[in-house]
Amino acid sequence: MTPDANTMLRPSAHTDTFTRDSLPPAALWPDLPQDGFPYPDRLNAAVELTEAMVAKGFGDHTALIGNGRRRTYKELSDWTNRLAHALVDDLGVKPGNRVLIRAANNPALVACWLAATKVGAVVVNTMPMLRAKELSAIVDKAQITHALCDTRLMDEMTACAKDSRYLKTVAGFDGTSNHDAELDRHALEKPVQFDAVQTSQDDVALLGFTSGTTGTPKATMHFHRDLLLIADGYAREVLQVTPDDIFVGSPPLAFTFGLGGLAIFPLRFGATATLLETASPPNMIEIIETYKATVCFTAPTAYRAMLAAMEDGADLSSLRAAVSAGETLPAPVYDDWQKQTGKPMLDGIGATEMLHIFISNRFDDHKPACTGRPVTGYSAKIIDADGKEAPRGEVGRLAVRGPTGCRYLDDADHQAAYVLDGWNITGDAFWMDDDGYLHFAARNDDMIVSSGYNIAGPEVEAALLSHAHVAECAVIGAPDPERGMIVEAHVVLATGTPDPDTVKTLQDHVKATIAPYKYPRRIVFTDSLPKTQTGKIQRFLLKS
């Protein structure tokens, strides 16, 4: 078991000790095997992604593309050092202070995140769509003292700060690349050299708030070493990133999936990140064609749009890696992508608690309707309701252990629920085949129990999506007085008409594709499905 967080961690550089004081009790930590990932005791992740890259000879390489500008690694290093001076000299940020950043995906957000990390702050990146009430809940939970906000999004931030007990300093920055805001003006007067705080490798660097948070928000705590681990593990082994790669994607940098895929991964290897404030499929397609992007992170719904665009003549041939996560990858999308591009789609699963992807397919080891094997450093097993390992082929709870793991901020109850005997219990239902490959069934709370049968909604969705009539679909369990629950499918049609004949056609198709008892007893036709900004279908909204 991991040693006591309060007695065995390396000496902290934080003068504000809030996050270290808020770590879970040692008995509730997951096991965190670090074999193969040696880092020095003193480690600042932002330095490793900027000055260290310049020292390695990448100074003239393009690091970021966004809002009409390219920035080299040397420019990014200088920019973040100027900002770091401004944070310390003008805003009074101390090591360990929590700094909230509010912006859409743009280079200025990345620069602010890196600068705050250099000064030893603990960063909280937030979604631009959040309102003052939601921001206030995050500020209160993390006792945030400072906020950096794109001036175009200042109204809700100002409203949040007005009556805040903790948030006393709000500074605006210009997300449009004009450097015409308070923070930018401070920074332009500063030197390009900055002595970054010599943080410990296990000082908290990032708080990731879970996207599924309801009520009191849950924050996951990630160390400086964790930010590098996800690159040195998954990105190195699975994506095989090189300096020639150009990244594009839709997930917000406010989510750990986006921060890894669109900032940490490219910057760790001297590659280029393209950042889109509005990452709709048409915008991503334009970026891929313009800059010959090679690695894409997005959800299956966006890949379906890309497939349609390719049929209409879009040239996406530069993509060598199409990473799908955040939503189960239906086999028809996987099959269509491979057929049209000749390249595999890399399905994977991650969690905010684990920071990034920990199970994935590989370029040379992949198959449909399969999430693959654990990333190097991680192990996985399937457990039953009693916590015992389940037989191969039997659906159960996914348990994962590796170099990153769950540490909730000041939340012993949720910590005890997520970690069992050193293993992270992710909340996903999976089964493992005889060869050790993992197959997603559903979220644990999305399993549909109908007349005693366990039915995984994603399996029904995959069956529906294999029919030409279906453009998109989402399957939920709906209450039923006789069966307890029935399978209810919400369907966006590509062809056909929303009538009883189409209902029967789709039901018969499902019966012929998978076990007949799994067919949707109710089909609801709709013009669109509710989705998050990352393209993840919000099934809970269909249950109301």
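Before any of the text, the structure's been laid out above.
Quick notes on the rules
- Residues numbered from 1 in each chain as written.
- Predicted model: local features only at pLDDT ≥ 70, side-chain atom pairs only at ≥ 80, totals over all residues.
- Heavy atoms only, no water.
- Axes fitted to C-alpha atoms, helices over the stretch in contact; angles between N-to-C directions.
- Helix = DSSP H or I, 4+ residues; strand = E, 2+ residues; numbered from the N terminus.
- Parallel < 35°, antiparallel > 145°, perpendicular 65-115°, else oblique.
- Left-handed = near helix turned anticlockwise from the far one by under 90°.
- Contact = heavy atoms within 4.5 Å.
- Nonpolar A, V, L, I, M, F, W, Y, C, P; charged D, E, K, R; others polar.
- Patch = residues over 30% accessible without salt bridge, like charges linked within 9 Å, V, L, I, M, F, W, Y side chains within 5 Å.
- Areas by Shrake-Rupley, 256 points an atom, 1.4 Å probe, with all protein chains shown as cover.
- Salt bridge = Lys/Arg side-chain N within 4 Å of Asp/Glu carboxyl O.
- Lys, Arg positive; Asp, Glu negative; His and termini not counted.
- Charge placed at Lys NZ, Arg CZ, Asp CG, Glu CD.
- Pairing = 2+ DSSP bridges.

A. Region of the structure containing the packing of helix α4 (residues 73-89) against helix α5 (residues 107-118). Close contact between α4 and α5 brings their axes to 8 Å; oriented N to C, the two are set at 60 degrees. Classified by the angle between their axes, α4 and α5 sit oblique to one another. For the crossing formed where α4 meets α5, the hand is right-handed. Between α4 and α5, the residues in contact are Leu76, Ser77, Trp79, Thr80, Asn81, Leu83, Ala84 and Leu87 and Pro107, Ala108, Ala111, Cys112, Leu114, Ala115, Ala116 and Lys118, respectively. For the contact of α4 with α5, the per-class residue count stands at 12 nonpolar, 3 polar and 1 charged.

B. Molecular detail of a negative patch on the surface. On the surface, Glu311, Asp312, Asp335 and Asp336 cluster together into a negatively charged patch. Positionally, Asp335 belongs in helix α13 (residues 331-341).

C. Structural context of the packing of helix α11 (residues 281-291) against helix α12 (residues 300-311). Where α11 contacts α12, the two axes come as close as 10 Å, and the packing angle between them is 60 degrees. It follows from the interaxial angle that α11 and α12 lie oblique. With respect to the hand of their crossing, α11 and α12 are arranged in right-handed fashion. Contacts from Pro281, Met284, Ile285 and Ile288 in α11 reach Ala302, Ala305, Met306 and Ala309 in α12.

D. Fine view of the sheet that holds strand β2 (residues 69-72). One open sheet accounts for 9 strands, arranged β2-β1-β10-β9-β11-β12-β13-β14-β15; its pairing is mixed. Only two strands of the sheet have a single neighbouring strand rather than two, namely β2 and β15 (373-374). Relative to β2, strand β1 (residues 62-66) runs antiparallel, the two sharing 4 bridges. Within β2, the residue paired with Gly66 across the bridge is Arg69. Together, β11 (295-298), β12 (321-324) and β13 (345-350) form the strand contacts of α12, whose direction differs from that of β11 by roughly 125 degrees.

E. Here's a closer look at the sheet that holds strand β23 (residues 470-480). Taken in spatial order, the 3 strands make up an open sheet running β23-β24-β25, and their pairing is mixed. Single-partner strands in this sheet number two, and they are β23 and β25 (522-525). Looking at each pair of strands side by side, their axes are set apart by 25 degrees on average, direction ignored. Inspection of the sheet shows strand β24 (residues 484-493) paired to β25 by 4 bridges, in the parallel sense. Looking at β25, one finds that Ala489 is bridged to Ile523. Sheet strands in contact with helix α16 (residues 500-513) are β23, β24 and β25, and its direction is about 125 degrees off that of β25.

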